[in-house]
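Survey of secondary and tertiary structure
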Amino acid sequence: MTVNTRDMRMGDVLRLSRRPVEIDPNQKYVALGMRSFGKGVIRYAPAMGSELTKLRHFSFDANALVLSNIKAWEGAIAVTSEEDVEAVASSRFLFYVPQGDDVDVRYLRYYFLSSRGLTQIGQASPGSADRNRTLSMKSFENIVVPLPDPPEQHRVADKLDTAMSQSVQVARMKDESTSLTLQHADALFRSIETRAPLSRALTESSDFVVVEPDMPYRTAGILNRGRGLFLRPIINGSETKYPRYNRLRKDQFVYSKLFGWEGSFAVVAEEFDGVHVSHEFPTFDIDPEVADVEYMAHLARWRGLHDSLSDQGTGMGSRRQRVNVGRLLATEVPLPDLSEQRRITKQLTLARRVADSSAAQVEQLATLRRALLDAAFSGRL
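This part takes up the sheet that holds strand β2 (residues 14–16). The strands making up a sheet are joined through hydrogen bonds of the backbone, oriented either antiparallel or parallel. The strand order β2-β12-β9-β10 describes an open sheet built from four strands, whose pairing is antiparallel. The open sheet is flanked by β2 and β10 (77–79), the only strands paired with a single partner. On average, each strand axis in the sheet is inclined to that of its neighbour by 30 degrees, with strand direction left out of account. Pairing between β2 and strand β12 (residues 93–98): three bridges, direction antiparallel. Its bridge partner being in β12, L16 is matched across the sheet by Y96.

And the structure:
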């Protein structure tokens with residue numbers, strides 16, 4: 001379907017609308033925040049004015065297009081609701097309302113979340129690094145958008161509202177499923193009376209290899225909060241500062257000395273067998289007569305283990321802490337007999353499969369959402 005459009009400069013159809021608020025340090029305020037990737041606004045828990053950032057703060061209108069000036073380039077763009085106006089927002093947020101009846105801010109929100117719109121926002125957010133990329137009012141107002149007539153804007157926005165609300169519901173269900181899975185695991189592990197140091201189940205077994213300058217290496221890192229290993233790009237030996245790597249083996253327990261205090265633990269899955277990590281990632285064999293491998297994988301994700309090591313680092317400041325091998329192995333964990341481990345593992349594995357299925361649905365919906373947005377702004381919706 002061919003849709004007639006007019007190229008319109010944002011500063012000609014929108015006006016900035018926010019009002020300064022004098023923050024009383026002894027009064028409570030709800031601060032507004034924003035999620036990236038089009039996931040909307042956040043209303044934080046009430047806090048005293050003395051606890052807010054030192055930036056200037058503003059009130060704003062409902063049904064305003066709001067952009068985070070430091071994260072708009074990655075989709076921190078939304079439309080405010082009636083509930084949002086009870087909050088205050090820092091100078092990091094830009095609020096725009098229509099100057100007349102020519103524009104639907106919902107349409108603009110979806111446009112700027114499409115591939116074309118995000119590209120324009122990115123081009124208007126210069127900076128040498130992600131955290132230095134800033135969208136100024138002038139840059140945003142100079143963006144030119146092809147706008148159809150208002151009835152067509154309303155039609156497209158209404159259709160996208162319906163489709164996106166379903167996507168939001170699925171994402172919310174996924175978050176609830178993940179939270180319930182973590183709570184279930186926490187309750188099971190805390191109910192176990194038999195505890196033992198990790199040294200009962202783990203024996204250090206690192207496979208160090210000398211880094212050859214002309215050799216390519218598949219490398220990995222570990223996400224915090226027990227979220228597992230992830231692959232890094234292949235790197236040549238000449239491109240790394242490390243003189244040696246540790247080579248992973250399937251079913252080993254591995255952790256990061258640097259970030260063990262925030263839960264960077266994992267059990268090596270088959271797809272990471274033979275992948276390399278730095279010498280800061282010690283690996284351990286799991287004694288099959290003491291511990292079930294899958295049980296240890298669930299234990300690596302357990303927040304109780306993470307919490308027990310959160311103050312066990314050495315060094316100056318949180319980012320310089322290290323959890324050494326001795327401290328890790330001395331940590332006591334729930335460690336019942338193998339039959340009980342397998343019973344617990346069966347429950348946790350089933351719960352995790354359900355949560356992973358929800359996560360896969362969210363990923364599929366994210367792909368569908370991007371396709372839907374691109375279709376909407378190419379006249380195919």
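This paragraph deals with the sheet that holds strand β11 (residues 89–90). Taken in spatial order, the three strands make up an open sheet running β3-β8-β11, and their pairing is antiparallel. The strands lining the two open edges of the sheet, one partner per strand, are β3 (18–21) and β11. Bridge count between strand β8 (residues 57–60) and β11: two bridges; the pairing is antiparallel. Among the inter-strand pairings, F58 is bridged to a residue of β11, identified as A89.

Right, let's get into the nonpolar core. One finds F253, M296 and L328 to be the most contacted residues of the largest nonpolar core, which totals 33 residues. For this core, the elements supplying multiple residues, two or more each, are α5 (150–190), β22 (253–255), β23 (265–267), β25 (283–286), α6 (293–301), α8 (325–330) and α9 (338–376). Ranked by residue count, the leading element in this core is α6, at five residues. Core analysis: the next-biggest nonpolar cluster, separate from the first, contains 32 residues, L14, L67, Y96 and L147 among them.

In this section: empty space enclosed by the protein. Scanning all chains against the criterion turns up one cavity of 30 Å³ or more. Of the volumes computed, that of the largest cavity is approximately 40 Å³. Put simply, the parts of the chain that give the lining of the largest cavity at least two residues each are β1 (5–9), β13 (144–148) and α5. Residues that form the lining of the largest cavity fall into these classes: five nonpolar, one polar and three charged.

On to the layout of surface pockets. To find leftover empty space, a probe the size of one water molecule is rolled over the atoms. The calculated volume of the second largest pocket comes to roughly 430 Å³. If you trace the second largest pocket, you find 20 residues lining it, with V267, A269, A297, R301 and R352 closest to the centre. Mapped onto the lining of the second largest pocket, the elements with two or more residues apiece are β23, α6 and α9. Element by element, the count of residues in the lining of the second largest pocket is highest for α6, at five residues. When the residues that make up the lining of the second largest pocket are grouped by side-chain class, the tally is nine nonpolar, four polar and seven charged.

Burial analysis of β12 places five of its six residues in the buried class, which makes it a mostly covered element. In this sheet, β12 lies alongside strand β9 (residues 65–68) in antiparallel orientation, the contact comprising four bridges. Along β12, the bridge assignment pairs V66 with F95.

Let us now look at unusual backbone geometry. As a rule of thumb, non-glycine residues mostly have phi less than zero, and peptide bonds are mostly trans rather than cis. A positive phi angle is found at F37, which is not glycine, with a value near 60 degrees. Summarising the element assignment, F37 is placed in the loop between β5 (32–34) and β6 (41–43). Residue classification places F37 among the exposed positions, given a relative accessible area of 53%. A positive phi angle, near 75 degrees, is found at D251, a position not held by glycine.

Our next topic: the packing of aromatic side chains. Summed over all chains, the structure comprises 14 aromatic pairs. Between F189 and W302 the ring centres are 5.1 Å apart and the planes differ by 45 degrees, which places this aromatic pair in the tilted class. Here F189, found in helix α5, pairs with W302, found in the loop between α6 and α7 (303–308); they are 113 residues apart in sequence, far enough to count as distant. When sorted by exposure, F189 lands in the same class as W302, which is buried.

Below, the discussion takes up the confidence of the model for the protein chain. Scored by pLDDT, the protein chain comes out at a mean of 88, with 88% of its residues at no less than 70. When the criterion is pLDDT under 50, residues 316–320 qualifies, and its contacts beyond four places in sequence or with other chains add up to five contacts.

Turning our attention to the pattern of salt bridges. All chains considered together, the criterion is met by 16 salt bridges. Residue D61 is joined to R19 by a salt bridge in which the shortest nitrogen-to-oxygen separation is 3.2 Å. Placement of the pair is D61 in the loop between β8 and β9 and R19 in strand β3, with a sequence separation of 42 residues. For R19, a relative accessible area of 36% corresponds to the partly exposed category. In this structure, D207 engages R247 in a salt bridge whose closest nitrogen and oxygen atoms are separated by 2.9 Å. Note that D207 is positioned in the loop between β15 (202–204) and β16 (208–210) and R247 in strand β21 (residues 244–247), a separation of 40 residues in sequence.

We now examine the pairing of β9. The alternating pattern of β9 places L65 and L67 on one face and V66 and S68 on the opposite face, and all of these are buried. Pairing between β9 and β10: three bridges, direction antiparallel. Directly across from L67, in β10, lies its bridge partner I77.

Here is what the cut-offs are and how they apply
- Residues numbered from 1 in each chain as written.
- Predicted model: local features only at pLDDT ≥ 70, side-chain atom pairs only at ≥ 80, totals over all residues.
- Heavy atoms only, no water.
- Pairing = 2+ DSSP bridges.
- Helix = DSSP H or I, 4+ residues; strand = E, 2+ residues; numbered from the N terminus.
- Axes fitted to C-alpha atoms, helices over the stretch in contact; angles between N-to-C directions.
- Core = buried A, V, L, I, M, F, W, Y, C linked by side-chain atoms within 4.5 Å.
- Buried < 20%, exposed > 50% of the residue type's maximum accessible area, 1.4 Å probe, protein only.
- 1 Å grid on protein atoms, 1.4 Å probe; cavity = no way out; pocket = protein on both sides within 12 Å on 5 of 7 lines; lining within 4 Å.
- Points joined across faces, edges and corners; volume = space filled by probe spheres on them.
- Nonpolar A, V, L, I, M, F, W, Y, C, P; charged D, E, K, R; others polar.
- Phe/Tyr/Trp six-rings, centres within 6.5 Å; stacked < 30°, edge-to-face > 60°.
- pLDDT = per-residue confidence, 0-100.
- Contact = heavy atoms within 4.5 Å.
- Salt bridge = Lys/Arg side-chain N within 4 Å of Asp/Glu carboxyl O.

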